[in-house]
Amino acid sequence: MDALMLSRVQFALTAGSHFLFVALTLGLATLVAVMQTRATVSGSAVHARMTRFWGQLYVINYAVGIVTGLVMEFQFGLNWGGMTRMAGGVFGAPLAMETIVAFFIESTFLGLWIFGWDRLNRWAHLALIWVVTLTAYLSAYFVLVANGWLQRPVGYEMVDGAARLTDLGAVMTNPTAVLAFFHVLFGGLLTAGFFMAGVSAFHLFRRTAEVEFFRRSMRIGLLTVILSVFPVVVFGGMQFAHVQPTKNPGSDDAAAKAAEFTARFGPDDYLAPGLTDAGLATMVMAWVVMILVALVALVKLPFGRWLVRGRVFHVLMMLAVPLPYVAMLAGWVFREVGRQPWTVYGLLKTKDALSDVSPGLITTSFVAFTALFAVLIGVNTWLLARYARRGPDAARLGAPAPVEPAAPALAPTF
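Residues numbered from 1 in each chain as written. Predicted model: local features only at pLDDT ≥ 70, side-chain atom pairs only at ≥ 80, totals over all residues. Heavy atoms only, no water.

## What about the overall build of the protein?
Turning to step 1, where the next piece is worked out: Counting its regular elements, the protein contains 14 helices and 4 strands.
Turning to step 2, where the next piece is worked out: In terms of overall size, the protein behaves like a compact globule, its C-alpha atoms giving a radius of gyration of 24 Å where 414 residues would be expected to give roughly 22 Å.
Turning to step 3, where the next piece is worked out: The principal-axis extent of the C-alpha atoms belonging to the protein is close to 95 × 65 × 40 Å.
Turning to step 4, where the next piece is worked out: The buried share of the protein, taken over its 414 residues, is 50%.
Turning to step 5, where the next piece is worked out: Expressed as a percentage of contacts within the protein between residues at least 6 apart in sequence, the contacts between residues at least 24 apart total 82%.
Turning to step 6, where the next piece is worked out: Surface summary for the protein: the accessible area is close to 19,100 Å², and the carbon and sulfur share equals 70%.
Turning to step 7, where the next piece is worked out: Measuring between centres, the 29 positive side-chain charges of the protein sit 17 Å from its 21 negative side-chain charges. (Helix = DSSP H or I, 4+ residues; strand = E, 2+ residues; numbered from the N terminus. Rg over C-alpha atoms; globule rule 2.2 N^0.38 Å. Buried < 20%, exposed > 50% of the residue type's maximum accessible area, 1.4 Å probe, protein only. Contact = heavy atoms within 4.5 Å. Areas by Shrake-Rupley, 256 points an atom, 1.4 Å probe, with all protein chains shown as cover. Lys, Arg positive; Asp, Glu negative; His and termini not counted. Charge placed at Lys NZ, Arg CZ, Asp CG, Glu CD.)

Pasting the structure below:
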């Protein structure tokens, strides 16, 4: 495998792995904020316990996901120096805004939320989780703005072979970014809904003593799935209005665009590879299955007994947890692989974006990054499964510190 293909596969593995964490983080943060709002407004003890339990799982996923995001950033400088030189003046702007404006605020307020239990006013503590949630979506938006520019470059001019930003508004409102953002927003909710319903189904299947806790959690998860699945499909479908013509190799537009690229940039394979069609087919099949599961959930939702006693339904919801992950990864394959051979569509080819580094260094980084991400995914899965299995009584997030027993008083001596 040559240096170019190694770099492409490495970025695909690390970016795809990182997005597995992002999707659950986005959705679960929103659901935790909703549960804490209910607990704060109504004083509901069960919703307070739900906030601690699901909030702990959210924090675990967030913490491990941060490591994957930091590692992934190194690849831009290590493997894709050509892209930085040519497109950094535009592509780097939203990424800088994501780091400074969104990520720093999100991580700071999350720390205050984690350590502010029973130390801050309950309304102030509630405001913290909403700031975390909103800045998480703001962070996702800035990243998708950067990716949207790679898909459909706008608001720039070329100066001495480098792109320079001329219209920030055009970049920020790029339809390939805006539609993708809403697609990801509802995709994160869908992922969290399936996750919450699956964990709740596991406990109800085991006939846990926490029936009321997980019945309510199941209802929230199922309601989230029902409300999210169709917007995910709608915003996903709307993006096809702006898809590159070369992603549809059999069309006249694709042939015309390929001829145009050949005249401008020389001969190359400008049509999307076969993996693009496989990604699209897999995504559509996953969507169909999730819609069917959502319809079953819609029938079950009004009947509390069915949620608690339906053992076949419990198994179905446990098996359905991976579905949104499959759909999202397949969608990214269609979106990103279909852009080849371009890094910046119509401006910079992937082979020209590659850094001038030795194949040996790229191979070393490929092995190291792949191993690291495999370990992080394994650790995250193990931690989520461990703490989800233990149930709400084992949740330590926000729990008061144990009180040390007072030392016995010494009898006076004379």
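From this point, the discussion proceeds with the structure in view.
## Section: the pairing of strand β2 (residues 162-165)
Regular strands place their side chains on alternate faces of the sheet.
Turning to step 1, where the next piece is worked out: Here strand β1 (residues 156-159) pairs with β2 via 4 bridges, running antiparallel. Bridge pairing in β2 links E157 to R164. (Pairing = 2+ DSSP bridges.)

## Let's talk about helix α14 (residues 359-390)
Turning to step 1, where the next piece is worked out: Helix length check: α14 (32 residues) gives 46 Å between terminal C-alpha atoms against 46 Å at 1.5 Å per residue, within 8%.
Turning to step 2, where the next piece is worked out: What α14 keeps buried is the set I362, S365, F366, F369, F373, L376, N380, L383, L384, Y387 and A388.
Turning to step 3, where the next piece is worked out: Looking at the packing, one finds that the buried side of α14 touches α1 (3-42), α2 (45-79) and α6 (175-205). (Expected span 1.5 Å × (residues − 1).)

## Thoughts on the pattern of salt bridges
Turning to step 1, where the next piece is worked out: Counted by the stated rule, this structure contains 10 salt bridges.
Turning to step 2, where the next piece is worked out: In this structure, K257 and E260 form a salt bridge, with 3.5 Å as the shortest nitrogen-oxygen distance. Separated by 3 residues within a single helix, K257 and E260 lie in helix α8 (residues 252-265), roughly one turn from each other.
Turning to step 3, where the next piece is worked out: Taken together, the salt bridges that share partners define one network made up of R49, E210 and D393. (Salt bridge = Lys/Arg side-chain N within 4 Å of Asp/Glu carboxyl O.)

## Brief notes about the environment of A170
Turning to step 1, where the next piece is worked out: By the secondary structure assignment, A170 is in helix α5 (residues 168-172).
Turning to step 2, where the next piece is worked out: What makes A170 partly exposed here is its relative accessible area of 23%.
Turning to step 3, where the next piece is worked out: Those residues in contact with A170 that sit more than four places away from it in its chain are V154 and G155.

## Let's talk about the side chain of Q10
Turning to step 1, where the next piece is worked out: One can find Q10 in helix α1.
Turning to step 2, where the next piece is worked out: A relative accessible area of 1% means that Q10 is categorised as buried.
Turning to step 3, where the next piece is worked out: Among the polar contacts made by the side chain of Q10, one reaches the main-chain amide nitrogen of F366 at a distance of 3.3 Å.
Turning to step 4, where the next piece is worked out: In this structure, Q10 is in contact with Q75, N79, I362, S365, F366 and F369, ignoring residues within four places of it in sequence. (Polar contact = N/O pair within 3.5 Å; in protein donor to acceptor, adjacent residues only side chain to side chain.)

## Some thoughts on unusual backbone geometry
Turning to step 1, where the next piece is worked out: P341 follows Q340 through a cis peptide bond whose omega is 15°.
Turning to step 2, where the next piece is worked out: Here P341 lies in the loop between α12 (323-337) and β3 (342-344).
Turning to step 3, where the next piece is worked out: Of note in the backbone geometry, D160 takes a positive phi value of approximately 55° without being a glycine.
Turning to step 4, where the next piece is worked out: Tracing the chain through its elements places D160 in the loop between β1 and β2.
Turning to step 5, where the next piece is worked out: For D160, a relative accessible area of 81% gives the class exposed.

## Brief notes about the packing of aromatic side chains
Turning to step 1, where the next piece is worked out: This model, assessed by the stated rule, comprises 22 aromatic pairs.
Turning to step 2, where the next piece is worked out: Among the aromatic residues, those joined into a cluster by ring pairs are Y141, F142, F181, F182, F186 and F235.
Turning to step 3, where the next piece is worked out: It is R311 that lies over the ring of F205; its NZ or CZ is 4.1 Å from the centre.
Turning to step 4, where the next piece is worked out: Sitting over the face of the ring of Y387, R390 holds its NZ or CZ atom 5.2 Å from the ring centroid. (Phe/Tyr/Trp six-rings, centres within 6.5 Å; stacked < 30°, edge-to-face > 60°. Lys NZ or Arg CZ within 6 Å of the ring centre and 35° of its normal.)

## As for the packing of helix α9 (residues 274-300) against α12
Turning to step 1, where the next piece is worked out: Contact geometry for α9 and α12: axes closest at 8 Å, N-to-C directions at 150°. Classed by the angle they form, the pair α9 and α12 counts as roughly antiparallel. Where α9 crosses over α12, the two elements pack in a sense that is left-handed. Residues L275, T276, G279, L280, T282, M283, A286, W287, V289, M290 and V293 of α9 form the contact with α12, whose participating residues are L323, P324, V326, A327, A330, G331, V333, F334 and V337.
Turning to step 2, where the next piece is worked out: Among the residues making up the contact of α9 with α12, the classes are represented as 16 nonpolar, 4 polar and no charged. (Axes fitted to C-alpha atoms, helices over the stretch in contact; angles between N-to-C directions. Parallel < 35°, antiparallel > 145°, perpendicular 65-115°, else oblique. Left-handed = near helix turned anticlockwise from the far one by under 90°. Nonpolar A, V, L, I, M, F, W, Y, C, P; charged D, E, K, R; others polar.)

## Section: the side chain of H18
Turning to step 1, where the next piece is worked out: Along the chain, H18 falls in helix α1.
Turning to step 2, where the next piece is worked out: A polar side-chain atom of H18 sits 3.5 Å from the main-chain carbonyl oxygen of G65.
Turning to step 3, where the next piece is worked out: When neighbours within four sequence positions are excluded, H18 is seen to be in contact with G65, T68, G69, M72 and F373.

## Focus on the packing of α2 against helix α3 (residues 81-115)
Turning to step 1, where the next piece is worked out: Taken N-terminus to C-terminus, the directions of α2 and α3 make an angle of 155°; their axes are 12 Å apart at the nearest point. Relative to α3, the element α2 lies roughly antiparallel. Taken as a pair, α2 and α3 cross one another with a handedness that is left-handed. When α2 is examined against α3, the residues T51, G55, Y58, V59, Y62, I66, F76 and N79 are found in contact with a partner set consisting of G81, M83, T84, F91, F103, E106, S107, L110, W113 and I114.
Turning to step 2, where the next piece is worked out: Residues of the contact of α2 with α3, tallied by class, amount to 11 nonpolar, 6 polar and 1 charged.

## Describing a nonpolar patch on the surface
Turning to step 1, where the next piece is worked out: On the surface, a nonpolar cluster with roughly 520 Å² of combined accessible area is contributed by F230, V284, V288, L292, L295 and L298.
Turning to step 2, where the next piece is worked out: It is α9 that provides the largest number of residues to the nonpolar patch, a total of 5 residues.
Turning to step 3, where the next piece is worked out: Relative to the helices and strands, L298 is located in helix α9. (Patch = residues over 30% accessible without salt bridge, like charges linked within 9 Å, V, L, I, M, F, W, Y side chains within 5 Å.)

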